[in-house]
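# Architecture and fold: a report
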Amino acid sequence: MNDKRRDNRNRILRNGETQRSDGKYCYKYVDRFGKQKFIYSWKLTPTDKTPVGKRDGPCLRDKIAELEMKNIKYGSTIESELSFLQIVDKYMKALTEKNPNSGSYCNWFYKLMKAIPLTSIPISDFSKKDAKDILRECIIQHNYKQSTIKTIKNMCHGVCTFAISNDFIESNAFDFNLKEIMRLNQSSKKTAISPQQKDDFMNFLIKDKVYSKYYHMINLLFETGLRVSEFCGLTTDDIDLDNKKLFVRKQLLMCPNVHISGLKTKSANRIIPLSNSAINSLKVLLKNRKNTIKIDGFNKFIVHTKNKSPCTASGIGKLFQRITKRYTKETEDVIKLTPHICRHTFCSNLIRKGISPKVLQKLMGHSNISTTLNIYTTLTSDDVLEEFERIQNL
């Protein structure tokens, strides 16, 4: 009687090899610490075909051969002992290589994970409980809001998906609903400020003894709807005052160091018509500007610091925090305002004035019109009533 184990194609399986009921092959081995480990593949040999709908990859016996070579070279199966943080590092490097513009974001995420002791757990031992505890740590230690926790969870989910694709693990520990660990608000999206709020804020700013010098910079953000990185990357050759145009064709990023980069998407490359208010602010900024230190060959930036360095997104963000804090203290009117909310406000104001959605999409530099209409527009009940009355009077 032949009692050797066989797969569903009647092929003899070697020691440690098995085939699961779903057809996936598995190899079991013991690492140098005496722990059982597993590697998987949908194919046993290189000539096998991957089942339809399944992720392709090396066959099981090629993986076993690679494992044996590592044992010979290193004396242990190094990859099987990688920690969650080490996988984070590998994943962040892969993301940055694919999209250099994500460098600052990846750097923030890696530093956040590095500060959490749980991330030192080997990825092979990482459980759903550990995943939830990491998010709870972010909530408790940093008091992050719902939108930030969602972002962290999505990034961690991506890390585990990356680990699965490289056969470090088989399941994703972050496959759970966020409401299992926190009470979710109905909405956490950024909202534009109203025209009245904008007028009140700008009237305060132009009269303020400390921050009035930033009036024209902030007004230009309100009047153009630029992303803050695009705004920081503006140079004199991007401005055509005679034809009332502003060309958006580059941005200034901070990671791994301050540099000029291409835009976020192809759609982001655009021309923005300039309002009279924007032209007035640009004239003041151009009159007061000085040549800065060179960044990738550019030194004629529209906005810069007193040290002749171009302004960065981080620096402008902190400036907004200081100004809004002073505004609240002086007026007792609480306002949430960031450079990106200026962009939301620009978009909502144009919708109020009846601009075509497709034209607005082009001005905002969005690839998808749903982003323009569903995320960036904030209209009140009064706006709806006013628009209805306007239509009735046509």
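Quick caveat, the model's predicted, so the values are computed rather than measured.

Let us look at the sheet that holds strand β2 (residues 25–30). Spatially, the three strands line up as an open sheet ordered β1-β2-β3, and their pairing is antiparallel. With partners counted over all chains shown, the strands left at the sheet margins are β1 (17–19) and β3 (36–41), one partner each. Across the sheet, the axes of successive neighbouring strands diverge by a mean angle of 30°, strand direction being ignored. Across six bridges, the pairing between β2 and β3 is antiparallel. Bridging across to β3, Tyr29 finds its partner in Lys37.

Mapped onto the elements, Asp130 comes out in helix α4 (residues 128–142). Comment: no salt bridge for buried Asp130; closest opposite-charge side chain is Lys129, at 5.4 Å. With sequence-adjacent residues up to four places away left out, Asp130 is seen in contact with Leu118, Ile121 and Asp125.

Turning to the confidence of the model for the chain, a few remarks are in order. Where the model shows low pLDDT, its predicted coordinates should not be examined in detail. Residues of the chain with pLDDT of at least 70 account for 88%, and the chain-wide mean is 86. Per-element averaging of pLDDT across the chain places helix α14 (residues 381–392) at the bottom with 56 and helix α7 (residues 215–224) at the top with 96. Confidence drops under a pLDDT of 50 for residues 73–79, and excluding neighbours within four residues, the segment shows ten contacts in the predicted structure.

Before going further, it helps to examine the packing of helix α6 (residues 195–207) against helix α10 (residues 313–331). In contact at an axis separation of 11 Å, α6 and α10 are set at 95° when each is read in the N-to-C sense. The angle between α6 and α10 places the two elements in the roughly perpendicular class. Contacts between α6 and α10 involve Asp200, Phe201, Phe204 and Leu205 from the first element and Ile323, Thr324, Arg326, Tyr327, Glu330 and Thr331 from the second. Among the residues forming the contact of α6 with α10, the class breakdown is five nonpolar, two polar and three charged.

Attention shifts here to the environment of Gly315. You can see Gly315 is positioned in helix α10. For Gly315, a relative accessible area of 36% puts it in the partly exposed group. Between the alpha carbons of Gly315 and Thr305 there is a distance of 9.3 Å; along the sequence they are ten residues apart.

Rules used throughout
Sequence order sets the numbering: in each chain, residues are counted from 1 along the sequence as written. Local features are withheld for residues below a pLDDT of 70 in this predicted model, meaning they are given only at 70 or higher, and side-chain atom pairs are given and counted only at 80 or more; totals for whole chains, interfaces and linings count all residues. No hydrogens and no water enter the side-chain calculation; it runs on all heavy atoms of the structure. Each pair of strands is called paired provided DSSP finds at least two bridges between the two strands. Elements are defined by DSSP. Helices are runs of H or I of four residues or more, strands are runs of E of two residues or more, and each kind is numbered from the N terminus. Axis definition: a line fit to C-alpha positions, over the contact stretch in the case of helices; interaxial angles, taken between N-to-C directions, run 0 to 180 degrees. With a 1.4 Å probe rolled over the protein chains alone, any residue whose accessible area is under 20% of its type maximum counts as buried; one over 50% counts as exposed, and the rest are partly exposed. Note on charges: Lys and Arg go in the positive column, Asp and Glu in the negative column, and His and the chain ends are not counted at all. By definition here, a salt bridge exists when the distance from a side-chain nitrogen of Lys or Arg to a carboxyl oxygen of Asp or Glu is within 4 Å. For this analysis, residues touch if any pair of their heavy atoms sits within 4.5 Å. Think of pLDDT as the predictor's per-residue confidence, scored from 0 to 100. Note on terminology: angles under 35 degrees are roughly parallel, angles over 145 are roughly antiparallel, angles of 65 to 115 are roughly perpendicular, and the others are oblique. Throughout this entry, Asp, Glu, Lys and Arg are counted as charged residues, while Ala, Val, Leu, Ile, Met, Phe, Trp, Tyr, Cys and Pro are counted as nonpolar. The remaining residues, Gly among them, count as polar.

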